[in-house]
Amino acid sequence: MGKSTFVIKQRAYLKLYMLHAAEKGRLYGLQILEELQNHFKDLGYKPTKSEIYKSLHELLKEGYVVREPITKEGTEMQTIYIYKLGDKEKVKAYKDTIKADIDRSIALLNRALKDNYSQKRG
């Protein structure tokens, strides 16, 4: 992420939550989609399936997560992919970068609130 970005990008935001879920255990796409949609419902934010999967595939490509196929037993054999944390040091460095972007985004938004919505008495 560069300093030219106004606020943290949606995909980076989603990746942060996916990495957190992967740190706690194994995850798969539909599970994280439902969890994030429920988690942000009260704020009026509903991540889309395509954004979730694009984020997940970027994490995989960049080595932050690894995936393993699991065969789901049932009426017909179905393969699902479970994602687990990849290179832990690389993940920590990425999360530190995102933390800096979040802090900068908060500062920008707080300045906008102060400059445009604070009432000056005088």
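Residues numbered from 1 in each chain as written. Predicted model: local features only at pLDDT ≥ 70, side-chain atom pairs only at ≥ 80, totals over all residues. Heavy atoms only, no water.

**Q** Got a minute to help me understand the packing of aromatic side chains in this structure?
**A** Two aromatic rings are characterised by how far apart their centres lie and by the angle between their planes. Applying the stated criterion across every chain, the model contains six aromatic pairs. Among the aromatic residues, those joined into a ring-pair cluster are Y13, Y17, F40 and Y45. (Phe/Tyr/Trp six-rings, centres within 6.5 Å; stacked < 30°, edge-to-face > 60°.)

**Q** Any chance you could explain the nonpolar core here in plain terms?
**A** One broad rule of soluble globular proteins: the nonpolar side chains tend to lie buried together. Ranked by size, the top nonpolar core spans 23 residues in total, and within it L19, L27, I32 and I52 carry the most contacts. Taken together, the elements giving at least two residues each to this core come down to α1 (10-24), α2 (29-40), α3 (49-61), β2 (78-85) and α4 (88-117). Ranked by residues supplied to this core, first place goes to α1 with seven residues. (Core = buried A, V, L, I, M, F, W, Y, C linked by side-chain atoms within 4.5 Å. Buried < 20%, exposed > 50% of the residue type's maximum accessible area, 1.4 Å probe, protein only. Helix = DSSP H or I, 4+ residues; strand = E, 2+ residues; numbered from the N terminus.)

**Q** What is the right way to read the environment of A100 from this model?
**A** With respect to the element layout, A100 can be found in helix α4. Here the alpha-carbon distance between A100 and L56, two residues 44 residues apart in the chain, equals 21 Å.

**Q** What exactly am I supposed to notice about the pattern of salt bridges here?
**A** Summed over the entire model, instances satisfying the criterion amount to eight salt bridges. E51 is the partner of R11 in a salt bridge, and the nearest nitrogen-oxygen pair spans 3.2 Å. With a gap of 40 residues between them, R11 in helix α1 and E51 in helix α3 connect regions that are remote in the sequence. Among the charged side chains, a network of salt bridges with common partners joins R11, K15, E51, E58 and E62. (Salt bridge = Lys/Arg side-chain N within 4 Å of Asp/Glu carboxyl O.)

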